[in-house]
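If you want the building blocks of each chain, they are given just below.
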Amino acid sequence: MKEDRHYTDLINAHNILRLIGKRWGFYDTYMKNKDPDAWFKSANIPIIEGLLLFGFVHSWDPYFQGDLVNFFNIYKDIFSIIKKFEHSTIINIDLSNEVKNSISEIFDKIARCSKRRRFESTDASKILHAIIPNLFVMWDRNIRKAIIGNKERDGRCYAFEFLPKMQEAAKEYLDDYVKENGGNYESATLQISTMADNHTLAKLIDEYNYVRYTKKISLTDIHNTTL
C-alpha cells in the first residue's frame, strides 16, 4: 500500500526529533562550522575539516571506527567523482545507471575507511550527507529494512534502491506543498526548509525516517504533532 505523503509530516517529524533526540544539536553545530567549499576545492582536505566531520559522525555513532588518514586517502581517490555532484540535490539529480554506479562506488569506498575492516554502511551515508547535504539521505539499519527490506547494506543497494525511493518521496512532499500553496519545486523546497530550521530536504526526509522507523513513532502521532 502506497503511503500518503504530506509535507507537514516533515515539519512534524523535525519537531518531534527536537523533543526526543539528544544528539540533534551536534548536527546543527557541525553544519554551522564546516566549510562546504573545502570539500570541492581540492582532493587534499584541510585536517580541520576532517576532524570536524569525524567528530560529527562520532557524536551520532559512538561505535564508528573510521580512520581519518585512511579516509583522506580514499577521498583523494574519489574526488573527481564526488565533485561532479557538488551542486546536485535529491530533486534535480538524474539517477541514471551511470550516476547510480558512481554513487555506489564512492559509497563503498567511504564505507571502508575503518581501522578494522568494518564496513561502515550507516556512517558512509552520514559522511556523504555531510559533504553534500542537499543530495544524500542518511540511513541506518531500521530505516533500510523498513524502506527496502532485508537487502544488502552496500553502495549498490543505497544507489539503486534506497536513493531512488528517497527521490520519489521528496518529489511527493513537494507536490503536496505546491498543490496546497502554489509555487514550484524550488520555492516549495525553500519554504519547507525555512519551517524546519533551514535543514535541507534530504535531511528532513532522514528525520522523518528516523522518527518513524528507528524510533517507531506512529504515522498518526506524526500527523497530529502541533506545528
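Here the structure is shown first, and the text comes after it.
Residue indices begin from 1 for each chain and proceed along its sequence in written order. Thresholds applied to this predicted model are a pLDDT of at least 70 for local features of residues and 80 or more for the giving and counting of side-chain atom pairs; totals over whole chains, interfaces and linings are not thresholded and use all residues. Derived side-chain values reflect all non-hydrogen atoms in the structure, with water molecules and hydrogen atoms excluded from consideration.

A closer look at a nonpolar patch on the surface
Formally: Exposure above 30% relative accessible area and the absence of a salt bridge qualify a residue for a patch, where like charges join within 9 Å and nonpolar side chains (Val, Leu, Ile, Met, Phe, Trp, Tyr) within 5 Å. Surface accessibility follows the Shrake-Rupley procedure with a 1.4 Å probe radius. Residue values consider only the protein chains on display as shielding. When a carboxyl oxygen of Asp or Glu is within 4 Å of a side-chain nitrogen of Lys or Arg, the pair counts as a salt bridge. Strands here are runs of E lasting at least two residues and helices are runs of H or I lasting at least four, both read from the DSSP assignment and numbered beginning at the N terminus. Only protein chains enter the accessibility calculation, which uses a 1.4 Å probe. A residue is then buried if its area is under 20% of the maximum for its type, exposed if over 50%, and partly exposed in between.
A cluster of nonpolar side chains, namely Ile 47, Ile 48 and Leu 51, defines an oily patch on the protein surface of about 310 Å² accessible area. Looking at the element boundaries, Ile 47 is found in helix H4 (residues 47–60). Overall, the relative accessible area of 56% leaves Ile 47 in the exposed class.

Some points on the packing of helix H1 (residues 7–20) against helix H11 (residues 201–214)
Packed helices, taken two at a time, are described by the angle between their axes plus the distance between the axes. As a reminder of what qualifies: The axes are straight lines fitted to the C-alpha atoms, using for helices just the contacting stretch, and the angles between their N-to-C directions are given from 0 to 180°. Working rule for angles: under 35 degrees goes down as roughly parallel, over 145 as roughly antiparallel, 65 to 115 as roughly perpendicular, anything else as oblique. Two helices cross in a left-handed way if the nearer one is turned anticlockwise from the farther one by less than a right angle. They cross in a right-handed way if the turn is clockwise. In this description, contact between two residues means that some pair of their heavy atoms is separated by no more than 4.5 Å. Residue classes follow a fixed rule: Ala, Val, Leu, Ile, Met, Phe, Trp, Tyr, Cys and Pro count as nonpolar, while Asp, Glu, Lys and Arg count as charged, and any other residue, Gly among them, counts as polar.
Contact geometry for H1 and H11: axes closest at 8 Å, N-to-C directions at 65°. When the axis of H1 is compared with that of H11, the two are roughly perpendicular. For H1 against H11, the interelement crossing comes out left-handed. For the pair H1 and H11, contact is made by Asp 9, Leu 10, Ala 13, His 14, Ile 16 and Leu 17 and by Leu 201, Leu 204, Ile 205, Glu 207, Tyr 208, Tyr 210 and Val 211, respectively. Per-class residue counts for the contact of H1 with H11 are ten nonpolar, one polar and two charged.

Considerations on the nonpolar core
Filter applied, for reference: Put simply, buried Ala, Val, Leu, Ile, Met, Phe, Trp, Tyr and Cys residues joined by side-chain atoms within 4.5 Å make one nonpolar core.
Counting residues in each nonpolar core, the largest one holds 77 residues, and the members touching the most others are Leu 53, Phe 71, Tyr 75 and Ile 103. Looking at this core element by element, the count peaks at eleven residues for helix H9 (residues 155–181). Beyond its immediate stretch of four places on either side in the chain, Ile 103 contacts Phe 85, Ile 93, Leu 95, Phe 136, Tyr 158, Ala 159 and Leu 163.

A short note on helix H2 (residues 24–33)
The criterion, for reference: The reported arc concerns the directions from the helix axis to the C-beta atoms and nothing else.
Within the span of H2, buried status applies to Tyr 27, Asp 28 and Tyr 30. Considered in projection along H2, the buried side chains sweep an arc of 165° and stay on one side of the axis. As for H2, its buried residues are in contact with H1, helix H3 (38–41), H4, helix H7 (121–131) and H11.

With respect to the environment of Trp 39
Tracing the sequence through the fold places Trp 39 in helix H3. Counting along the chain gives 101 residues from Trp 39 to Asp 140, while the straight-line C-alpha distance between them is 24 Å. Excluding anything up to four places from it in sequence, Trp 39 contacts Tyr 30, Lys 34, Ile 45, Glu 49, Leu 53, Phe 71, Tyr 75, Phe 79 and Ile 131.

What about the environment of Ser 193?
In this structure, Ser 193 sits in helix H10 (residues 185–194). As a C-alpha pair, Ser 193 and Asp 140 span 53 residues in sequence and 23 Å in three-dimensional space. Look past the residues within four positions of Ser 193 in its chain and what remains in contact with it is Asn 198, His 199 and Leu 204.

Concerning the packing of H4 against H7
Their axes nearest at 10 Å, the elements H4 and H7 cross at an angle of 135°. Between H4 and H7, the angle is such that the two are oblique. Considering how the two elements wind past one another, H4 and H7 form a crossing that is right-handed. Between H4 and H7, the contacting residues are Leu 53, Phe 56, Val 57 and Trp 60 on the first element and Asp 123, Lys 126, Ile 127 and Ala 130 on the second. A per-class count over the contact of H4 with H7 returns six nonpolar, no polar and two charged.

Brief notes about the side chain of Asp 176
What counts is decided by this rule: Charge convention: Lys and Arg are scored as positive, Asp and Glu as negative, and His as well as the terminal groups of each chain are ignored.
Among the structural elements, Asp 176 can be located in helix H9. Nearest to the buried, unbridged Asp 176 among oppositely charged side chains is Lys 179, at 6.6 Å. Aside from chain neighbours lying at most four places away, what touches Asp 176 is Arg 5, His 6 and Tyr 7.

Focus: the state of the cysteines
Heads up, the condition is: Note that a disulfide, as used here, is simply two cysteine sulfur atoms within 2.5 Å.
On inspection of all chains with the given rule, the structure shows zero disulfides. In this model Cys 113 remains outside any disulfide bridge; the closest cysteine sulfur is found in Cys 157, 19 Å from its own.

Thoughts on the pattern of salt bridges
As enumerated under the stated definition, the model contains nine salt bridges in all. Where Asp 77 meets Lys 109, a salt bridge forms, and the shortest distance between an N and an O atom there is 2.7 Å. Taken together, the residues span a long stretch of sequence, with Asp 77 in helix H5 (residues 68–82) and Lys 109 in helix H6 (residues 97–111) at a distance of 32 residues. Given the relative accessible area of 25%, Lys 109 is considered partly exposed.

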